[in-house]
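Listed here are the chains, written in short residue letters.
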Amino acid sequence: MALPARTVRVRFTALYGVLFLLSGAALLVITNLVSLGSTRISEVAPGGSPPARNSTLAAAHERISLLESQLAGARESQSHQLLLGSAVALAVMALVSIVLGRIIAGRVLRPLRTITAATRRISADNLHERLAVPGPADEVKDLADTIDELLERLESSFAAQRRFVANASHELRTPLATMRASLDVAVAKPEPVPPQTVALADRLRTELDQVDRLLEGFLLLARTQHGAMSDRSTISLGRTVRAALDARAADIAARRLTVHDGDLHDDTWTQGSATLLSRMAGNVIDNAITHNDEGGWITVAAMADGTTALLVVETGGRLLDQGQVARLAQPFQRLGADRTGSGDGSGLGLSIVAAIATAHGGGLDLAARPEGGLRVAISLPLATARTGVPA
């Protein structure tokens, strides 16, 4: 049988129980000592007038001996009963002390449990919440106020970081547009343009497009993490994914990929931003197309699982390391040199998916398939369909 974990409550229970038990034992010992002392004090020698005859004296001695024997037996029986009662009382006190110790420990630790539960509910998406523990200015209140101050500093830091990313992305769009316009002007001159200049301009346009996609990803990531969703409505997850597949039909055909979408159910509904959910589905499909074998396959499913709307996209390919796969939800994380130097993505695709899923109350789970390839599972809160709601 496994022993219970040595939590603070268990240690407090043991401490209070030992203190109660020692107090009870000390009380019983003092009671027994007082009882024995009073018994000794009450012992007096029998007295009386001198006996008149020898026969009367012998009978008196015999009577006294009998009484003393009976009195000694009564004292021994009384001491035995007192010891037995003390042992029973001590056992009862031991049980009562454990119960009282656990109750008292629970009451002492109740504010800490409340603080722990409230702190666990607070994440990067709801740093505006505070513990706001009421009560007198004691150690528990000081701890709660310290945590609130820490959350306030974290909220300010996160907000400043997101504002910087959004502002920097906006500011960088202007020089990018200027550079692209300069390239167009240089190539569009009337005189013949050297082939090297045309090739360099094409290469620069490609790089500018890549930077533009990167900035767009930064803006979307900042917007998602900021929690701005003005176009919240009921969305069919199956139809959203099917639209993403249709929009990328040419890319799928170019790579000769086979798509299995028999489990895309149009009645899988969720609440959220149509724009963000469409981008989420598009990023997942783009990831499945880009990082797939030539002539490979993609399996797409959208279904309801209890109170969860589940989107699962699986692809084949080589065996992947689960530790590296788990980091793909972080910005600029890729698998292997083929992803790092391919230039087919900004490294923000799955991190944007994770941010959108989290903003909608869901989550992203990435798993390396035992047979090879990647499994992307997105869970979102399930919603009830309403008539007249756009998909």
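As the structure is a prediction and not an experimental result, all values here were calculated from the model.

How each quantity is defined
- Residues numbered from 1 in each chain as written.
- Predicted model: local features only at pLDDT ≥ 70, side-chain atom pairs only at ≥ 80, totals over all residues.
- Heavy atoms only, no water.
- Helix = DSSP H or I, 4+ residues; strand = E, 2+ residues; numbered from the N terminus.
- Buried < 20%, exposed > 50% of the residue type's maximum accessible area, 1.4 Å probe, protein only.
- Contact = heavy atoms within 4.5 Å.
- Areas by Shrake-Rupley, 256 points an atom, 1.4 Å probe, with all protein chains shown as cover.
- Pairing = 2+ DSSP bridges.
- Axes fitted to C-alpha atoms, helices over the stretch in contact; angles between N-to-C directions.

Student: Which residues make up the overall build of the protein chain, and what values do they have?
Tutor: Secondary structure summary: the protein chain contains ten helices and seven strands in total. Residues counted as buried form 28% of the 391 residues belonging to the protein chain. Considering only contacts in the protein chain between residues 6 or more positions apart, those separated by 24 or more positions represent 73%. Element-wise, carbon and sulfur atoms account for 60% of the exposed surface of the protein chain, whose accessible area totals about 23900 Å².

Student: Could you give me a rundown of the sheet that holds strand S7 (residues 374–381), with the residues and numbers involved?
Tutor: Here five strands make up an open sheet; going across it, the order is S2-S4-S5-S7-S6 and the pairing mixed. The two strands at the open ends of the sheet, each matched to only one other strand, are strand S2 (258–264) and strand S6 (363–368). Ignoring which end each strand starts from, the neighbouring axes of this sheet average 15° apart. Pairing geometry for strand S4 (residues 297–305) and strand S5 (residues 308–315), over eight bridges, is antiparallel. Across the sheet, the residue bridging to Ala304 is Ala309, located in S5. Along the sheet, helix H7 (residues 274–290) contacts S4, S5 and S7; its crossing angle with S7, the most-contacted strand, is approximately 170°. In the packing of helix H10 (residues 349–359) onto the sheet, the strands contacted are S6 and S7, and the crossing angle to S6 comes to about 140°.

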